[in-house]
Amino acid sequence: MSSTVGVRISVNGEVREHEVEPRLLLVHYLRDRLGLTGTHVGCDTTNCGACTVHLNGEAVKSCTVFAVQADGAEVTTIEGMADGAELHPLQEAFWKNHGLQCGYCTPGMIMAAADLLQRNPDPSESEVRHGLEGNLCRCTGYQNIVRAVMEAAHSPQRTTVGPPPPEKPEAREEVGKGVGA
Amino acid sequence: MIPPEFEYTAPESVDEALQALTQGGEDAKLLAGGHSLIPLMKMRLAAPSLLVDMRKLSDLRGIERANGGFRIGALTTHAQVSQASELGVAAHAAGKIADQQVRNRGTIGGSLAHGDSASDMPAVLLAAEGSVVARGPNGEREIAATEFFQDFFETALADDEMITEVRLPAMDGWKFAYEKFTRRAEDWAMVGVCAMVRGDFEDVRVAFTNMGGTPIRASAVEEALRGQGRGAIEQAAQAAAEGTDPPGDLNATADYKRHLARVLTRRALEKAAAA
Ligand SMILES: Cc1cc2nc3c(=O)[nH]c(=O)nc-3n(C[C@H](O)[C@H](O)[C@H](O)COP(=O)(O)OP(=O)(O)OC[C@H]3O[C@@H](n4cnc5c(N)ncnc54)[C@H](O)[C@@H]3O)c2cc1C
Ligand code: FES
Ligand code: FES
């Protein structure tokens, strides 16, 4: 076995420390080591988006990230979206609009939608459809998913859409900061 | 799918990373966004013995305007490039790569170093006549796009070199479009066309994605249009596939790709002219 590496990752606001094999994928770390099974594996080939979580505030497909790459970072999973018993506006909107049938794609859809609404708080329907092109749903035909995201965008709790901003996004600097500056 | 085992290091500086890469020998590899390398490792098409993760090299992130052009750090993500509209066609094309999640991870340096001619940024770099800056044990060199891409997944980079920066001239006064035809949303291009027009067709550039082992300039189209006008696009686009020998694949035969090249060249030029 290759040598293990220590990682320190803040997951849903709680700092977790583990020794991991470098080849351990983030999705397996979340599901198997932390028991956060809300994040799903659909395709394992970066296509379906079921494994989408936020890494330093941005949606990523966790089947294509090594856990070691998240060392020092903030990760938010679907389990981190609700505030206690109060659903996140996106969760609420998916529920109200029948944005899910089997539910397999839903955690990833919601995490991708949260990234979308962070970037574009007032999207058109077409922007929602394009914004979610990295997420596949085999049940709903997308209609109600789009409806749910549109509703969440215009919900009165709109300001709380999106997970908490990362505390210190290590090594992630703004565009325009300048190369080698 | 579980990738094969490897050793891992995440150095704090470019010099340390280059040292680790050299010491790691020929099976050591750099890891940027991992969105080409990790899928290959999962399929066991790549089995590096050591991964040198670039994630702490924060000097390599960001975009700066310098000497009439732009310097883009190698680790700048597709998402960041797509938001920097001052980059013109590069921003426009970066926004058409895969999906938001992939754009949040994939980097411009990784995309060019990977040397996949189905990727979108190589054709953009070629059309914009940009270059990459590479650093290795023997120092730094600048490699023009025309020299950089050599064949399928083959570039001018040596095993122990790292792209640190991508240089793009500021294309002030140029209008542009990038047309990409995919089988499914989020896919690689079956064919992609980068078109750029200066002023009233005083100068024209056209480059292809996925029409051969490297990105290709469509010189015949460029010549037929230079100094002409919009009215000449239809005719000129007919020459688009001339001299190309695209490999057929699962999604498209060579003939179909040539057809797409003609159609997309016309569309891209029309859009650029109207921009
Ligand atoms: C589902 C999916 C769809 C995609 N669709 C598209 C698409 O439509 N268009 C497109 O253009 N791309 C597409 N990609 C590829 C994506 O853009 C990759 O992120 C990109 O090609 C590689 O960048 P990376 O930073 O992830 O590199 P990595 O995967 O980390 O590295 C790729 C290779 O380059 C080397 N390398 C990385 N950085 C450097 C450097 N600075 N210097 C020297 N060598 C380096 C690595 O050693 C490795 O060999 C897709 C990927 C996926 C998973
Ligand atoms: S499981 Fe990661 S994208 Fe499908
Ligand atoms: S609800 Fe079943 S896959 Fe989307």
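Novice: Teacher, can you tell me more about the overall build of chain A here?
Specialist: Along its length, chain A carries five helices and five strands. Across chain A, helices and strands are ordered from the amino to the carboxyl terminus as β-β-α-β-β-β-α-α-α-α. Split into buried and exposed, the 181 residues of chain A put 54% on the buried side. A separation threshold of at least 6 residues defines the contact pool for chain A, and within that pool the share at least 24 residues apart is 59%. Split by element, the accessible area of chain A, about 8,000 Å² in all, is 49% carbon and sulfur.

Novice: So what exactly am I meant to see when it comes to the confidence of the model for chain A here?
Specialist: Reading predicted coordinates in detail is not appropriate for stretches of low pLDDT. Across chain A, pLDDT averages 89, with 86% of residues at or above 70. Residue range residues 164-181 of chain A is modelled with pLDDT below 50. Its contacts to residues more than four positions away, or to other chains, number 41 contacts.

Novice: In this structure, what is going on with the domain arrangement of chain B? I would like to understand it.
Specialist: It is common to give the size of an interface as the accessible area that goes away when the parts come together. All names here are of chain B. Looking at chain B, the domain boundaries give domain 1 (7-53), domain 2 (61-169) and domain 3 (174-274). Distance between the C-alpha centres of domain 1 and domain 2: 18 Å. Counting from both sides, the interface comprises 13 residues of domain 1 and, opposite them, 13 residues of domain 2. On the surface where domain 1 and domain 2 come into contact, there are one salt bridge. Note that aspartate 15 and arginine 135 form a salt bridge whose closest N and O atoms lie 2.5 Å from each other. Our count for the contact surface shared by domain 1 and domain 2 stands at one residue pair in polar contact (both at pLDDT 80 or more).

Novice: Please clarify how the sheet that holds strand S1 (residues 5-11) of chain A should be interpreted in this entry.
Specialist: Sheet strands line up and pair through hydrogen bonds in the backbone, either parallel or antiparallel. Residues and elements named next belong to chain A. Across the sheet, five strands lie side by side as S2-S1-S5-S3-S4; this open sheet has mixed pairing. Strand pairing shows two members of the sheet lacking a second neighbour, strand S2 (14-20) and strand S4 (58-61), which therefore form its edges. Going from strand to strand, the sheet's axes swing by 40° on average, the running direction of each strand aside. As judged from the four bridges shared by strand S3 (residues 52-55) and S4, these two strands associate in the antiparallel manner. Paired with leucine 55 across the strands is glutamate 58, a residue of S4. Running over the sheet, helix H1 (residues 26-33) touches S1, S2, S3 and strand S5 (74-76) and is turned about 105° from S2.

Novice: It is not clear to me how the packing of helix H2 (residues 89-96) of chain A against helix H5 (residues 143-153) of chain A should be interpreted in this structure. Could you clarify?
Specialist: In helix packing, the relevant descriptors are the interaxial angle and the interaxial distance, both defined with respect to the helix axes. Residue and element names in this part refer to chain A. At their nearest, the axes of H2 and H5 sit 8 Å apart, and the two run at 135° to each other. It follows that H2 is oblique to H5 by the angle criterion. H2 and H5 meet at a crossing whose hand is right-handed. Two secondary-structure elements touch here, H2 through Pro89, Leu90, Ala93, Phe94 and Lys96 and H5 through Ile145, Ala148, Val149, Glu151 and Ala152.

Novice: Where do I start with the confidence of the model for chain B in this structure?
Specialist: On average, residues of chain B score 96 in pLDDT, and 100% of them reach the 70 mark or higher. The ipTM assigned to the predicted complex is 0.95, against a pTM of 0.94.

Novice: Looking at this structure, I do not really get the interface of chain B and chain A. What am I missing?
Specialist: In this complex, chain B contributes 48 residues to the contact, which on the side of chain A involves 44 residues. Between chain B and chain A, a total of about 3,800 Å² is buried, with carbon and sulfur atoms accounting for 51% of that surface. Remark: the boundary between chain B and chain A carries five salt bridges. Breaking the side of chain B that touches chain A down by element, the ones donating at least two residues are strand S1 (7-9), helix H2 (37-42), strand S3 (50-53), strand S4 (63-66), strand S5 (69-73), helix H3 (78-83) and helix H5 (100-105) of chain B. Tallying contributions element by element places H5(B) first for the side of chain B that touches chain A, with six residues. The residue inventory of the side of chain B that touches chain A, partitioned by class, reads 19 nonpolar, 12 polar and 17 charged.

Novice: Please clarify how the packing of aromatic side chains should be interpreted in this entry.
Specialist: Aromatic ring pairs are described here by two measures, namely the spacing of the ring centres and the angle between the planes. For the structure shown, the criterion picks out two aromatic pairs over all chains. The interplanar angle of 55° and the centroid separation of 5.1 Å between the aromatic rings of A:Phe66 and B:Phe6 together place this pair among those described as tilted. Pair noted here: A:Phe66 is in the loop between S4 and S5 and B:Phe6 is in the segment before S1, and the two residues belong to different chains. With respect to class, A:Phe66 is no different from B:Phe6; both count as buried.

Novice: Sorry, what's going on with unusual backbone geometry here?
Specialist: Backbone phi values are negative for most residues with the exception of glycine, while trans is the configuration of most peptide bonds. You will see that A:His98, though not glycine, has its phi angle at about 55°, which is positive. Topologically, A:His98 is positioned in the loop between H2 and helix H3 (106-119). Note on A:His98: relative accessible area 57%, which makes it exposed. The phi angle at B:Ala98 is positive, at roughly 40°, despite the residue not being glycine. Residue placement: B:Ala98 occurs in the loop between helix H4 (89-94) and H5.

Novice: Before we go on, may I ask you to explain the nonpolar core in this structure?
Specialist: General note: in soluble globular proteins, nonpolar side chains tend to be found buried as a group. Core analysis: the biggest nonpolar cluster contains 42 residues, and B:Leu87 and B:Leu112 have the highest contact counts within it. Two domains each provide a minimum of three residues to this core, namely domain 2 (61-169) and domain 3 (174-274) of chain B. Beyond its immediate chain neighbours, meaning those up to four positions away, B:Leu87 contacts B:Ile63, B:Phe70, B:Ile72 and B:Val81. Among the nonpolar cores identified, the runner-up in size contains 33 residues, and A:Val11, A:Leu55, B:Tyr8 and B:Leu31 belong to it.

Novice: Honestly, the site of ligand 1 in this entry has me stumped. Any pointers?
Specialist: Lining the immediate surroundings of ligand 1 are 32 residues, of which B:Leu30, B:Gly34, B:His35, B:Thr107 and B:Asp120 lie closest. Those residues lying near ligand 1 are distributed over chains A and B. Note that an oxygen atom of ligand 1 is positioned 3.4 Å from one of the backbone N or O atoms of B:Ser111. Bound to the protein, ligand 1 loses 96% of the 960 Å² it would expose on its own.

Novice: Just checking my understanding: could you explain the domain arrangement of chain A for this structure?
Specialist: All names here are of chain A. Here chain A is partitioned into domain 1 (5-81 + 164-175) and domain 2 (89-160). In this structure, domain 1 and domain 2 have C-alpha centres spaced 21 Å apart. When domain 1 packs against domain 2, the two sides together hide about 1,300 Å² of surface, and 58% of this comes from carbon and sulfur. Connecting domain 1 to domain 2 are one salt bridge. There are 10 residue pairs in polar contact (both at pLDDT 80 or more) connecting domain 1 and domain 2.

About the thresholds
Residues numbered from 1 in each chain as written. Chains lettered and ligands numbered in written order. Predicted model: local features only at pLDDT ≥ 70, side-chain atom pairs only at ≥ 80, totals over all residues. Heavy atoms only, no water. Helix = DSSP H or I, 4+ residues; strand = E, 2+ residues; numbered from the N terminus. Buried < 20%, exposed > 50% of the residue type's maximum accessible area, 1.4 Å probe, protein only. Contact = heavy atoms within 4.5 Å. Areas by Shrake-Rupley, 256 points an atom, 1.4 Å probe, with all protein chains shown as cover. pLDDT = per-residue confidence, 0-100. Domains from an automatic or database assignment. Salt bridge = Lys/Arg side-chain N within 4 Å of Asp/Glu carboxyl O. Polar contact = N/O pair within 3.5 Å; in protein donor to acceptor, adjacent residues only side chain to side chain. Pairing = 2+ DSSP bridges. Axes fitted to C-alpha atoms, helices over the stretch in contact; angles between N-to-C directions. Parallel < 35°, antiparallel > 145°, perpendicular 65-115°, else oblique. Left-handed = near helix turned anticlockwise from the far one by under 90°. Buried area = accessible area lost by both parts, 1.4 Å probe. Nonpolar A, V, L, I, M, F, W, Y, C, P; charged D, E, K, R; others polar. Phe/Tyr/Trp six-rings, centres within 6.5 Å; stacked < 30°, edge-to-face > 60°. Core = buried A, V, L, I, M, F, W, Y, C linked by side-chain atoms within 4.5 Å. Near = heavy atom within 4 Å.

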